[in-house]
Amino acid sequence: MWMVLNMNKSFLFALPLLLIILIGSSDSGKMTNHDLSIQSLDDFNLSLPEGFKIELFASGLGTPRQMTETDDGYIIVGTIKEGDIYALKDTDGNGQADYSKKILSSLEQPSGIAFNNGSVFFSEISKISKIIDIDSKLNNQEQSFEAEVVNVIDNLPADTWHGRKWLKFGADGGLYFNIGAPCNVCLNDDDRYATILKFIDGEYSVYARGVRNSVGFDFHPQTNKLFFTDNGRDWLGDDSPSCELNVANHAEQFFGFPYHHGKDVQDPEFGNINHGYEINKPIFELGPHVAPTGADFYSGNMFPDSYKNNLFVTLHGSWNRSQKSGYKVVRIIFDTDDQPQMQDFLVGFLKGEEVLGRPSSPFEMSDGSLLISDDKLGNIYRISYEG
C-alpha cells in the first residue's frame, strides 16, 4: 500500500510499507498477487511534484528497459539481463497490469522496443527484428512467438560494450537507433560506431556522428527535431565531463566524440587531432556520470499544461563516482527561446550512498500517464496526475 503524506509545498512523499508485487506467469498469461515484505526497502521514499501519484504498474520483470504500447493497449518491454520480452496489460483500468505474457526469451540484451504500423520492433546487440500484427497474436492467445519473428537488420556490430539499443520511429517512417562506441574513448575504422543511424526502405545511413553512447532520444512533438542524450566518457574525475542533451537539426551533424566532451572538455588523448569536423556542442549538460538511459517527450493531456513538450529523462546513476549522482527522473523544460531548464521530477532512488532503485526508461501511455521502468528492482511504475 502506498501512503501519501504531505512533505512540502512542491512534493508529495510516497512510502510503501508493504509493496504489493505483481509477478507474471509466462504460461498462463494472468498475473497473480503476492504480498512480499521487502525489508531492505522499508524506507524507499519516492517523491513527485504536488498533485502527482505513483503506483506499481508491474513487478518481477528482472531488468526492464525501453517500453512501447500497441494499438490495443499492450505494454511491450524487454529485459536486458534475462533476454526476455513481455507483453503487459491493465485490463480493468485500475492502473496496474493484471495480464502478463512472456512472448520471447533467450535474446541478447533486448533493450530497444518500438511499435509501428501494427508491428513491434525489438533490438538485440547485433540485430533488430519485429513481430508483425502483434495485437492480433496476443488477442488470439498464441502460445509461441519464436516462429513469428521477422528479421529487419542482422549485420550490426556485435560488441556488447555500449551495444544496447534505443529504438524510435520518426515522422518520416524511418527507424532510428544508436550504435555506441565499443570503448570508453577511442577511434574506430567502422564509421557506424558512435552514431545514431536511420533505417528506411531497407537501408540504413548515419544520421548523427560523434555520439559516444546515446541510450535515449525522441522527436520534439512540434518541430520533429531529434533530441538525444549522450553518456559522457569516464576517468576524467568526479566532475568531468558532463553527460549531454543534444539536438540534431538535420542529418550528418557531428557532436564531438572522441575529440570533445560536454560543452568545454577537450579529450586529453584525442583532442589535439585535426579531425576536420564542425562540432555541435550540447544544448544542455545533464551532469557528470549521471548516465541517461531513456528520454520521452510528453504530449498527453493528463498532466498540467506546463508539462506539454517537456522531455522526461531517466538518469540511471553513476557507477564509479566517489559520490553517487543521478538515480532520478528529471524533466527538461524549454522556454520560448528553446533554452532548456532541468527540474527533478521523481526522486528517492538514492538514500545517501545506498542505491535503492535505478530508473531506466520513461514512456508516455496513450491515456497520458507516464511509465518508468526500474532495472534494479524489476519494477514498472505508473505516474498519473490527480490535481
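Just above, that's the structure.
Described in the following lines is the structure provided in the data block. Please read these numbers as outputs of a predicted model, since none were measured by experiment. (Residues numbered from 1 in each chain as written. Predicted model: local features only at pLDDT ≥ 70, side-chain atom pairs only at ≥ 80, totals over all residues. Heavy atoms only, no water.)

Describing the overall build of the protein
Across its full length, the protein carries 1 helix and 34 strands. Contacts spanning at least 24 positions in sequence make up 55% of the contacts within the protein whose residues lie at least 6 apart. Accessible surface computed for the protein: about 16,100 Å², of which carbon and sulfur atoms make up 45%. (Helix = DSSP H or I, 4+ residues; strand = E, 2+ residues; numbered from the N terminus. Contact = heavy atoms within 4.5 Å. Areas by Shrake-Rupley, 256 points an atom, 1.4 Å probe, with all protein chains shown as cover.)

Concerning the nonpolar core
Proteins that are soluble and globular tend to have nonpolar side chains buried together. Core analysis: the largest hydrophobic core is formed by 21 residues, its most contacted members being Phe 303, Phe 312, Phe 345, Leu 346, Tyr 381 and Ile 383. Elements represented by at least two residues in this core include exactly strand 5 (46-49), strand 6 (52-58), strand 29 (340-346), strand 33 (370-374) and strand 34 (379-385). The biggest single contributor to this core is strand 6, with 3 residues. In this structure Leu 346 touches Leu 46, Ser 47, Leu 48, Ile 54, Lys 328, Val 329, Ile 372 and Ile 383, once residues within four positions along its chain are discounted. Ile 76, Ile 103, Val 120 and Phe 122 belong to the second largest nonpolar core, which has 16 residues in total. (Core = buried A, V, L, I, M, F, W, Y, C linked by side-chain atoms within 4.5 Å. Buried < 20%, exposed > 50% of the residue type's maximum accessible area, 1.4 Å probe, protein only.)

Structural notes on the sheet that holds strand 22 (residues 253-254)
Strand order in this open sheet of 5 strands is 15-16-17-18-22, and the pairing throughout is mixed. If you trace the sheet from one side to the other, it starts and ends with strand 15 (167-169) and strand 22, each paired once. (Pairing = 2+ DSSP bridges.)

As for the sheet that holds strand 10 (residues 99-104)
In space, the 4 strands of this open sheet follow the order 7-8-9-10, with antiparallel pairing throughout. Both edges of this open sheet fall to strand 7 (64-69) and strand 10, since each of them pairs with a single strand only. Along the sheet, successive strands turn relative to each other by an average axial angle of 25 degrees, direction set aside. The pairing of strand 7 with strand 8 (residues 75-79) spans 4 bridges and is antiparallel. Within strand 8, the residue paired with Met 67 across the bridge is Val 77. (Axes fitted to C-alpha atoms, helices over the stretch in contact; angles between N-to-C directions.)

Re unusual backbone geometry
Cis geometry is found at the peptide bond from Ser 240 to Pro 241, where omega equals -10 degrees. Along the chain, Pro 241 falls in the loop between strand 20 (226-230) and strand 21 (242-248). At Asn 224, a position not held by glycine, the phi torsion is positive, near 65 degrees. Among the secondary structure elements, Asn 224 is positioned in the loop between strand 19 (217-219) and strand 20. Judged by relative accessible area, which is 43%, Asn 224 ranks as partly exposed. The residue Tyr 327 is not glycine, and still its phi comes out positive at about 60 degrees. Positionally, Tyr 327 belongs in the loop between strand 27 (311-315) and strand 28 (328-334).

Quick word on the pairing of strand 26 (residues 292-297)
Burial analysis of strand 26 places 6 of its 6 residues in the buried class, which makes it a mostly covered element. For strand 26 and strand 27, the ladder comprises 5 bridges, and the chain directions are antiparallel. Following the sheet pairing, Phe 297 is matched in strand 27 by Leu 311.

Overview of the packing of aromatic side chains
If you walk through the whole model with that rule in mind, you get 25 aromatic pairs. Ring geometry for Phe 228 and Phe 255: centres 4.9 Å apart, planes at 90 degrees, overall edge-to-face. You can see Phe 228 sitting in strand 20 and its partner Phe 255 sitting in the loop between strand 22 and strand 23 (260-261), a full 27 residues away along the chain. Per residue, the accessibility class of Phe 228 equals that of Phe 255, and both read buried. Taking 5.6 Å as the distance between ring centres and 90 degrees as the angle between the ring planes, the aromatic pair formed by Trp 235 and Trp 319 counts as edge-to-face. Of this pair, Trp 235 sits in the loop between strand 20 and strand 21 while Trp 319 sits in the loop between strand 27 and strand 28, and the two are 84 residues apart along the sequence. Here Trp 235 matches Trp 319 in class, with each residue exposed. In this structure an aromatic cluster arises from ring pairing among Phe 52, Tyr 298, Phe 303, Tyr 307, Phe 312, Phe 345 and Tyr 385. The ring centre of Tyr 74 lies 4.5 Å from the NZ or CZ of Lys 89, which sits over that ring. The side chain of Arg 331 reaches across the aromatic face of Tyr 307, ending 3.7 Å from its centre. (Phe/Tyr/Trp six-rings, centres within 6.5 Å; stacked < 30°, edge-to-face > 60°. Lys NZ or Arg CZ within 6 Å of the ring centre and 35° of its normal.)

With respect to empty space enclosed by the protein
The tally for this structure, following the rule as stated, stands at 4 cavities of 30 Å³ or more. Taken as a whole, the second largest cavity holds about 50 Å³ of empty space. As for the second largest cavity, its lining consists of Gly 210, Arg 212, Asp 230, Asn 231, Gly 232, Arg 233, Glu 244, Phe 255, Phe 257, His 260 and His 261. A breakdown of the residues in the lining of the second largest cavity according to their chemical character gives 2 nonpolar, 5 polar and 4 charged. (1 Å grid on protein atoms, 1.4 Å probe; cavity = no way out; pocket = protein on both sides within 12 Å on 5 of 7 lines; lining within 4 Å. Points joined across faces, edges and corners; volume = space filled by probe spheres on them. Nonpolar A, V, L, I, M, F, W, Y, C, P; charged D, E, K, R; others polar.)

So, to be careful, I would describe these as geometric facts and stop short of saying anything about function.
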